[in-house]
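# Residue-level structural notes
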Amino acid sequence: SPAASEGYRRQCLAEAGDPPWLAPCSGAGSGAGPGRALRIYCEWRSAGDVLDVVESEEAFYRHGGCGLTLSGGEALDQPDFLLALLRGARQRGIGTVLESNGSSPAVLLQAAAFLDVLFCDVKFHDAEKHAAMTGGELESVLSALRAVRKRYPNLPIRVRTPVGPGYTVPVNVGPGSPEMEEAVLGFRRIAEFAASLGKSEYELLPWHPYGAGKYEALGREVLALEPPGGVIMDALRSAISGIVCMV
């Protein structure tokens, strides 16, 4: 791959947009003012550059059977860079995990050939809610996971659903309320889907405010959400228990 020099990067951007073997590794921004130093949110790297960094830290992860995890944003949105990383990792004997929302089924199926584990979000069971909140089709995500399982029957898959008050669970209501019972039913249906895949796990992801700093750096409004309480999480776990292996 060509060196990711600033001059080369600018030339590529001017002529044809981002080259497929280059990608920003975070976001870009800086802070100025008393007590605030320059903060780098982005570095342009080739797939080989990234893998060199991963290999340089082998002593920290190899013993535990770990390796390279690709997460979001959404890794499937940069298919050429994603596949270059995964192919290179496989060639170097580096373990691979992908965290995805399954929004690009064809890319996901290609990527699965180089994965050791796949984590995929199924955010809603209701197709209308899924479309309204994500802008995508629920059936597209479910079909993508079925296709991956059919082609790669031994690939471990973990289906995950965020627990966000006001989004996937109601606010200001407790277990037993009609609103909460409807939400619980949705989680049960997703758990049943996860179980139908075989060799799969299901994980509940409680909302947390850890990403607030990135929202602020991007000049975006931070969502005014409270993490779900233990009562809600216990109710969901109880309803799902016995359907699928929970994480």
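Values in this document were obtained by computation on a predicted structure and should not be read as measured data. (Residues numbered from 1 in each chain as written. Predicted model: local features only at pLDDT ≥ 70, side-chain atom pairs only at ≥ 80, totals over all residues. Heavy atoms only, no water.)

Attention shifts here to the overall build of the chain. The secondary structure content of the chain amounts to ten helices and seven strands. Residue burial in the chain is summarised as follows: out of 247 residues, 36% are buried. (Helix = DSSP H or I, 4+ residues; strand = E, 2+ residues; numbered from the N terminus. Buried < 20%, exposed > 50% of the residue type's maximum accessible area, 1.4 Å probe, protein only.)

Our focus in this paragraph is the packing of helix α8 (residues 178-197) against helix α10 (residues 230-240). Relative to each other, α8 and α10 sit at 45°, their axes nearing to 9 Å. As the angle between them shows, α8 and α10 are arranged oblique. Between α8 and α10 the crossing geometry is right-handed. Across the interface between the two elements, M180, V184, F187, R188 and A191 of α8 pack against I232, L236, A239 and I240 of α10. Of the residues contributing to the contact of α8 with α10, the split by class is eight nonpolar, no polar and one charged. (Axes fitted to C-alpha atoms, helices over the stretch in contact; angles between N-to-C directions. Parallel < 35°, antiparallel > 145°, perpendicular 65-115°, else oblique. Left-handed = near helix turned anticlockwise from the far one by under 90°. Contact = heavy atoms within 4.5 Å. Nonpolar A, V, L, I, M, F, W, Y, C, P; charged D, E, K, R; others polar.)

Our next topic: the layout of surface pockets. Size it by volume and the second largest pocket reaches roughly 330 Å³. For the lining of the second largest pocket, the element with the highest residue contribution is α8, accounting for eight residues. Looking at the lining of the second largest pocket residue by residue, the classes come out as eight nonpolar, four polar and six charged. (1 Å grid on protein atoms, 1.4 Å probe; cavity = no way out; pocket = protein on both sides within 12 Å on 5 of 7 lines; lining within 4 Å. Points joined across faces, edges and corners; volume = space filled by probe spheres on them.)

The backbone nitrogen of E128 lies 3.0 Å from a side-chain oxygen of the residue at the head of helix α6 (residues 127-134), namely D126. Trailing α6 by a residue or two, G135 shows a phi angle of about 80°, which is positive. (Polar contact = N/O pair within 3.5 Å; in protein donor to acceptor, adjacent residues only side chain to side chain.)

If you check the backbone angles, N172 has positive phi at about 60° while not being a glycine. By the secondary structure assignment, N172 is in the loop between β6 (157-163) and α8. Classification of N172 as exposed rests on a relative accessible area of 82%. Although it is not a glycine, K199 adopts a positive phi angle of roughly 45°. By the secondary structure assignment, K199 is in the loop between α8 and β7 (200-206).

What follows is about a nonpolar patch on the surface. A surface patch of nonpolar side chains, amounting to about 410 Å² of accessible area, comprises M133, Y167, Y215, V222 and L223. Structurally, V222 can be placed in the loop between α9 (212-217) and α10. V222 sits in the partly exposed class, given a relative accessible area of 32%. (Patch = residues over 30% accessible without salt bridge, like charges linked within 9 Å, V, L, I, M, F, W, Y side chains within 5 Å. Areas by Shrake-Rupley, 256 points an atom, 1.4 Å probe, with all protein chains shown as cover. Salt bridge = Lys/Arg side-chain N within 4 Å of Asp/Glu carboxyl O.)

Right, let's get into the pairing of strand β5 (residues 117-121). Of all five residues in β5, four are buried; the element is thus mostly enclosed. Sheet topology note: the strand β4 (residues 95-100)/β5 ladder contains four bridges and is parallel. Paired with S100 across the two strands is C120, which belongs to β5. Crossover β4 to β5 through helix α5 (residues 105-112) is right-handed. (Pairing = 2+ DSSP bridges. Right-handed = clockwise from strand over helix to strand, strands pointing away.)

Along β4, five of the six residues are buried, which leaves the element largely enclosed by surrounding structure. In terms of strand pairing, strand β3 (residues 67-70) meets β4 through four bridges, oriented parallel. Considered in β4, the bridge of L70 is made with L98.

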